[in-house]
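# Working through the structure, step by step
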Amino acid sequence: MKISILKILLLCTFFVFISCEKEQPIPKSKAKPKIAGVILSFDDAYINEWFATNQQLKKYGWKGTFFVCRIHNLKHYQIKKLLELQNEGHEIGGHGLNHLNAADYTRVHTINEYMKDEINPMLHLMHFYGLKVSSFAYPYGGRTQKLDAALLKKFKVVRGRAFNEEVADKQGCYFNHSNLIFSFSIDDTHNDFNIPHLLKLLDFAKKHNKILILNSHKTVNEVTGDYQTENKTLEYVCQYVKRNKLRFYTVSDLNKFQ
Ligand SMILES: [Zn+2]
């Protein structure tokens, strides 16, 4: 009798020990990107232009992240193009259902209302189409800390915009192990954009083993207005990446390094 009580006690101790073991916190991986690189991201709904640009840039083995808005207005053939891009290893992210400025919207509405109006229906539809959305870019870069916190419950990485800085190391458009990132616009009419400055940003990434985050909107062969990036600018970035043995990253790739 005593022996069997002892056995039971020993067994209990063993199970307590095992379950304590399981509850030990697992240290979060702090992997660092071994190779410097570039993120090319694209905003809005220029599906046809992006798809054509992909045909031109394929030869570089490039990867893009496409932040799509107004998903409910897209035609079936455009959804198919997005799925094809996704199948090729590009990333499709969210950019709001109606492209509302989140900071402006939440001045007169609650964050819950923003999520209900702009985010949840967008995610629902994108998932319905088979788009694996795990990152988000703020329309107009309009954000607040409260919005960041709410959106980071739904997305692994959230992207804002880095504005008006001229010195490469002060740009804020390099990944710094945060799930909130900022991008530099390479649209042709963006005030701070020019090729020598872009080269400085790329050189800084290469020298300091950083990931440079860029954004574009409509991709074109010839610029006819604002929010357009020349395909030859994208070719320039791709050639730099290849020549210097850098890497293309997508936005959700960053999640591995947080
Ligand atoms: Zn936009």
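That block above? That's the structure.
Residues numbered from 1 in each chain as written. Predicted model: local features only at pLDDT ≥ 70, side-chain atom pairs only at ≥ 80, totals over all residues. Heavy atoms only, no water.

## Focus on the coordination of the zinc ion
Coordination of the zinc ion by the protein comes from Asp44 (OD), His95 (NE2) and His99 (NE2), over a distance range of 2.1 to 2.2 Å. Along the chain, the residues that donate to the zinc ion are spaced as D-x50-H-x3-H. Of this pair, Asp44 sits in strand 1 (residues 37-44) while His95 sits in the loop between strand 3 (91-94) and helix 4 (102-108), and the two are 51 residues apart along the sequence. In this structure His95 comes out as buried when scored by relative accessible area, which is 1%. (Donors = N, O, S within 2.8 Å, 3.2 Å for Na, K, Ca; no water. Helix = DSSP H or I, 4+ residues; strand = E, 2+ residues; numbered from the N terminus. Buried < 20%, exposed > 50% of the residue type's maximum accessible area, 1.4 Å probe, protein only.)

## Re the pairing of strand 3
Where burial is concerned, the two faces of strand 3 agree: the one with Glu91 and Gly93 and the one with Ile92 and Gly94 are both buried. For strand 2 (residues 64-68) and strand 3, the ladder comprises 4 bridges, and the chain directions are parallel. Paired with Phe67 across the strands is Gly93, a residue of strand 3. Tracing the backbone out of strand 2, into helix 3 (residues 76-87) and back to the parallel element strand 3 gives a crossover that is right-handed. (Pairing = 2+ DSSP bridges. Right-handed = clockwise from strand over helix to strand, strands pointing away.)

## Some points on helix 2 (residues 47-57)
Every buried residue of helix 2 is listed here: Ile47, Trp50, Phe51, Thr53, Asn54 and Leu57. Projected down its long axis, helix 2 shows its buried positions confined to an angular sector of 160°, all on one face. Elements that come into contact with the buried residues of helix 2 comprise strand 1, strand 2, helix 3, strand 8 (218-220) and helix 8 (231-243). (Arc of directions from axis to C-beta. Contact = heavy atoms within 4.5 Å.)

## Some words on the packing of helix 2 against helix 3
Two elements in contact, helix 2 and helix 3, have axes whose closest approach is 10 Å; the angle formed by their N-to-C orientations is 35°. Crossing of helix 2 against helix 3: the hand is left-handed. Of the residues in helix 3, those in contact with Ile47, Asn48, Phe51 and Asn54 of helix 2 are Tyr77, Gln78, Lys81, Leu82, Glu84 and Leu85. Across the contact of helix 2 with helix 3, the residue classes tally to 5 nonpolar, 3 polar and 2 charged. (Axes fitted to C-alpha atoms, helices over the stretch in contact; angles between N-to-C directions. Left-handed = near helix turned anticlockwise from the far one by under 90°. Nonpolar A, V, L, I, M, F, W, Y, C, P; charged D, E, K, R; others polar.)

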